[in-house]
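# Commentary on secondary and tertiary structure
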Amino acid sequence: RSSAQSPPPTKKELTADGSTAWRLFDVKLPLALDPGKDSFEVTDALRDEACKLLGLPIGRTREDGTHLLKDGEGYGVRVVRKSCDARKINEVGFSYVLDVDDVCVDSATVAGGSIKKLDIRPRPKKLERVTRDWDDETMLDFDPESPSLAVDRARQGAATDDRVVIVGLGPAGLFAALALAEAGVPVTVLERGQPVEGRGRDIGALFARRVLNSDSNLCYGEGGAGTWSDGKLTTRIGRNSDDVRTVLRSLVAFGAPPEILVTGKPHLGTDRLVRILRNAREYLVGRGADIRFGCTVDRVLFENTDDAGDGRSMRACGVVVRKNSRGDTGSERPGAPETLKAKAVILAAGHSARNLMENLLTDGIELKYQPFAAGFRIEHPQALLNELQYGEDLASLAAKGKGPLPVADYRLAHQCRSVSPEVSASPGAEYVQRACYSFCMCPGGQIVPTSTVPEELCVNGMSFSKRGSEWANSGLVSTITEADAMPFCAAPGREALAGLDFQRHIEREASRMGGGDLTVPVQTAPDFIEGRESDPATLPTSSYRLGVVPARLDLLYPPAVTEAVRESLLAFDGKMPGFAGPTALLHAPEARTSSPVRVVRSPEDYQSATAAGFFPVGEGAGYAGGIVSAAVDGLCAAGRVGAFVEGG
């Protein structure tokens, strides 16, 4: 099903049978008339605004006292999207996209005293005809009768050689598993980390006692790195596409609030994600999926085959997996490597599976450098951002996520115009149009350690669903080109992995700057701009729980990257006064924004360019960025896997 727009007719000639509707864009309500960010009610004030756009009488009621544009059984006015509009401080309010179906319009016309059908003229991006497609039902949307997934259910539980092995249970792995399990394909999921319950205990031990479990942490475990993040569901791949709607509807079926289907900036928060993932796991197990936690895949196994004209001379035939220790108690000792045979292998391992990528390169799988971004986490008092966005008078209405306004966020980008003379000879300095931007902004959140080994320090941001923290943080990152990374390449022949080597170098140097033990080096924005160490006595407070220490972060990255961040701080401060002020604290490093390597695959069948039956998907393979896009990539790959398995 799709909510894609139908071609607008020259005149209204479609039947009023409830199958079509009018879509009203940019319907605005001032803050004083809106019930607030947490309400998606179609109020009488909102119905009045809809009447204005449709040409219906305003302020009229029916004989029973109800609004002229009322809902009835199976028809009415629905909120498609709601977002806060704070572009002008003195005009803060909410902007809606509404669907009003034909039965509702015709009913209002008759109730208003007219027997003549209302003549409504379409206006692009203001008033358009659409297929009536409302999210009344939120059951799973996987179609087991889809030709690409047509696999005999009797094969579920067949010989293990016929199974599909999925490496990783992040968003891509989860939705690939859901689609395949629905189609009756036997699936074994191997996840390095622990289920969310055990993972939560391991992360608690990290925060409370600095006990870092290298296999169960903020990167590894059920749900992937996005579980302990802000849980953003925004995406650039098309909010109304069939696949995106399938993902969102399925999340609602597993326990996400229905509002994610309509809110302008949907997010879940860590607390909600834990419950959703647990429900999804139970659903998978109930459909015969074999899910194994605490299992590290060290290698994908390949066998040589004849090239069928597609350039592939290998075929995936299984994986080498070993049981790692469980939780901070170490109650289970690491096991010996085991071989699992498979008909196909889906690689959905996330952006931190470095050893696995190195083994793929050794085994002859085609990899290529993938540009990524790296930099810092910048933190501000949330109150500062609320005041900047809403003004002094309204800022309190967003306090700790409890008011009618959402806590303020931002999205910033700057295209650097020049490179200073002192860095003109540095690697990458020739890219004078280097970009710098905010990344994964977490309003009302905290900064957390995403290290997977103690000697490599990395940070990220997270928040809970209410976004009630007194701090706000965001990545402040710049593009890392191949020219930036190549000087850090560890050895000839691994140029495709130069980004991994760049990350390792930065994370180890940041750990040294912080003094080890996961203490984070920090620097205020003004001191970063001026190139001096911050004074410990005047250092702003930080949400990072394991401690911070002043350091020269302006010396961490190659000079061209540092200059780009410095220039961008000044530019952002011009747009948001105080952004680069004394309360702005940079934390280092934010180096794992996405995968720095891509496993090359065919855009048609999603298989590796060099190995049949090997399907690299999601963020770790270089094909997604964020929860929704990774989930969609896994969902799309499942269709190709189903066709491959069926074809033998």
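So, here is what we can say about the structure in this document. (Residues numbered from 1 in each chain as written. Predicted model: local features only at pLDDT ≥ 70, side-chain atom pairs only at ≥ 80, totals over all residues. Heavy atoms only, no water.)

### Thoughts on the packing of helix α3 (residues 171-182) against helix α13 (residues 627-647)
Running from amino to carboxyl end, α3 crosses α13 at an angle of 40 degrees, the nearest separation of the two axes being 7 Å. For the crossing formed where α3 meets α13, the hand is right-handed. Across from P171, A172, F175, A176, A179 and L180 in α3, the residues of α13 making contact are I627, A630, A631, G634, L635, A638, V641 and G642. (Axes fitted to C-alpha atoms, helices over the stretch in contact; angles between N-to-C directions. Helix = DSSP H or I, 4+ residues; strand = E, 2+ residues; numbered from the N terminus. Left-handed = near helix turned anticlockwise from the far one by under 90°. Contact = heavy atoms within 4.5 Å.)

### Details of the packing of aromatic side chains
Taken as a whole and judged by the stated rule, the model has 11 aromatic pairs. Aromatic side chains F302 and F614 sit 5.4 Å apart centroid to centroid with 85 degrees between the ring planes, which places their arrangement in the edge-to-face category. Of this pair, F302 sits in strand β8 (residues 295-304) while F614 sits in strand β24 (residues 614-616), placing them 312 residues apart in sequence. The exposure class of F302 is buried, given its relative accessible area of 18%. F614 gets classed as buried once you look at its relative accessible area, which sits at 0%. Ring-pair connections join several aromatic residues into one group, and the members of that group are Y369, F372, F376, F488, F502, F528 and Y557. Lying over the aromatic face of Y623, R598 brings its terminal NZ or CZ to 4.3 Å of the ring centre. Just above the ring of Y623 sits the side chain of R601; from NZ or CZ to the centre is 3.8 Å. (Phe/Tyr/Trp six-rings, centres within 6.5 Å; stacked < 30°, edge-to-face > 60°. Buried < 20%, exposed > 50% of the residue type's maximum accessible area, 1.4 Å probe, protein only. Lys NZ or Arg CZ within 6 Å of the ring centre and 35° of its normal.)

### Observations concerning the side chain of S534
As for its position among the elements, S534 is in the loop between α11 (525-530) and β20 (548-550). Looking at S534, its side chain comes within polar contact range of the main-chain nitrogen of T524, at 3.0 Å. In terms of polar contacts, S534 uses its side chain to reach the side chain of D527, at 2.7 Å. (Polar contact = N/O pair within 3.5 Å; in protein donor to acceptor, adjacent residues only side chain to side chain.)

### Description of the sheet that holds strand β7 (residues 290-293)
The 5 strands are arranged β7-β6-β5-β11-β24 in an open sheet whose pairing can be described as parallel. The outermost strands of the open sheet, each flanked by one partner alone, are β7 and β24. The sheet shows a mean angle of 15 degrees between the axes of neighbouring strands, direction not considered. Across 3 bridges, the pairing between strand β11 (residues 344-347) and β24 is parallel. Residue pairing across strands places I346 opposite F615, the latter belonging to β24. The strands touched by α3 within the sheet are β5 (164-167), β6 (187-191) and β11, with β5 carrying the most contacts at an inclination of about 160 degrees. (Pairing = 2+ DSSP bridges.)

### Here we look at the state of the cysteines
As enumerated under the stated definition, the model contains 0 disulfides in all. Residue C104 stays outside any disulfide, its sulfur separated by 8.5 Å from that of C51, the closest cysteine. Look at C104 and you get buried, because its relative accessible area is 0%. (Disulfide = S-S within 2.5 Å.)

Limitation: the analysis is restricted to geometry and does not speak to function.
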